[in-house]
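Spelled out from the first residue to the last, the chains are:
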Amino acid sequence: MGRIVVTEFVSLDGVMEDPGGAEDFKHGGWTFQISRGDEGDKFKLDETVSSEALLLGRVTYEGFAAAWPSREGEFADKFNTMPKYVVSSTLEEPEWSNSTVLRGDVAEEVAKLKQEHDGDVVVHGSARLVHTLFEHDLVDELRLMVFPVVLGSGKRLFCEASRRRCRHPRLRAGALSRGRRRDGGAPGPPGLRRRTRRTEASPGCRGVPRSPAAS
């Protein structure tokens, strides 16, 4: 059975919105102001290479689909060739290669994906989708790369559903990334050495709907 892995860039105050600057958010592109270093780059490459498929909400999918097909390299090649699933009720014909639109009940569709795949089905961004996955207890591992910036506004990762599901996530040494696995194992891509300690989940957010589906 496959695993649903949620991987996110987050600010110190828990904002996850538009780290790449493609979504018309006033603080969009905030991750570009801070280097994640060689270790951070290796973490993201290892994570991508070890992924079996992508699961995305429509907004994140469309941003990725506009950016990655024209890029080259190991990271881009993996993104462009592996299976991609986008949760949407409005997207008709996805143009990114090897893409499938999931239109039914999100919880049921994701449960099917876990049965169909043996490896990691990885979710990037996709705030509404992630909140839905938390609400239905479908997240097997949570990986966070925390950036030392306070944004003050924007969509936040931890809401009521995620607070219930994400008690005591593991924190990797150096505060580069946080992770929690359902089975208690060391979080992160295979082969990456980790030391962990316990920490409490971040406070929840206000005003984010507990939607049954991504837009």
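To be clear, the structure that these remarks concern was listed above.
To start, this report covers the structure provided alongside it. (Residues numbered from 1 in each chain as written. Predicted model: local features only at pLDDT ≥ 70, side-chain atom pairs only at ≥ 80, totals over all residues. Heavy atoms only, no water.)

1. A closer look at the overall build of the chain
In terms of helices and strands, the chain carries six helices and nine strands. For the chain, buried positions account for 49% of its 215 residues. Taking all contacts inside the chain whose residues are at least 6 apart in sequence as the whole, residues at least 24 apart take part in 75%. (Helix = DSSP H or I, 4+ residues; strand = E, 2+ residues; numbered from the N terminus. Buried < 20%, exposed > 50% of the residue type's maximum accessible area, 1.4 Å probe, protein only. Contact = heavy atoms within 4.5 Å.)

2. A look at the packing of aromatic side chains
Applying the stated criterion across every chain yields a total of seven aromatic pairs. Seen from their ring centres, Phe75 and Phe79 are 5.0 Å apart, and the 45 degrees between their planes marks the pair as tilted. Here Phe75 and its partner Phe79 are both found in helix 3 (residues 74-81), four residues apart, which amounts to about one turn of the helix. Accessibility expressed as a relative area gives 21% for Phe75, which makes it partly exposed. Judged by relative accessible area, Phe79 falls into the buried class, the value being 2%. Here a set of aromatic residues connected by ring pairs shows up, and it is made of Phe64, Trp68, Phe75 and Phe79. The ring of Trp68 has Arg71 sitting right over it, with the charged end atom 4.6 Å from the ring centre. (Phe/Tyr/Trp six-rings, centres within 6.5 Å; stacked < 30°, edge-to-face > 60°. Lys NZ or Arg CZ within 6 Å of the ring centre and 35° of its normal.)

3. A word on the nonpolar core
Nonpolar side chains tend to gather and get buried jointly when the protein is soluble and globular. Membership of the largest hydrophobic core comes to 27 residues, with the highest contact counts inside it found for Leu55, Val123, Leu133 and Leu157. Within the residue set of this core, elements represented by two or more residues are strand 1 (3-11), strand 2 (51-57), strand 3 (84-87), helix 4 (106-116), strand 5 (120-124), helix 5 (127-135) and strand 6 (141-147). Counting residues in each nonpolar core, the second largest holds 14 residues, with Ala76, Phe79, Leu91 and Trp96 among its members. (Core = buried A, V, L, I, M, F, W, Y, C linked by side-chain atoms within 4.5 Å.)

4. Here we look at the pattern of salt bridges
By the definition in use, this model includes 11 salt bridges. Lys42 is the partner of Asp46 in a salt bridge, and the nearest nitrogen-oxygen pair spans 2.8 Å. On the criterion of helical spacing, the pair formed by Asp46 and Lys42 is a turn pair, its members being four residues apart in helix 1 (residues 37-49). Judged by relative accessible area, Asp46 falls into the buried class, the value being 19%. Here Arg143 makes a salt bridge to Glu141, at a shortest N to O gap of 2.8 Å. (Salt bridge = Lys/Arg side-chain N within 4 Å of Asp/Glu carboxyl O.)

5. Regarding unusual backbone geometry
Negative phi values dominate among residues other than glycine, just as trans dominates among peptide bonds. For Asp18, which is not glycine, the phi torsion reads 50 degrees and is therefore positive. Its place among the elements puts Asp18 in the loop between strand 1 and helix 1. Despite not being glycine, Ser126 shows a phi value in the positive range, around 60 degrees. Position of Ser126 among the secondary structure elements: in the loop between strand 5 and helix 5. For Ser126, a relative accessible area of 6% translates into the label buried.

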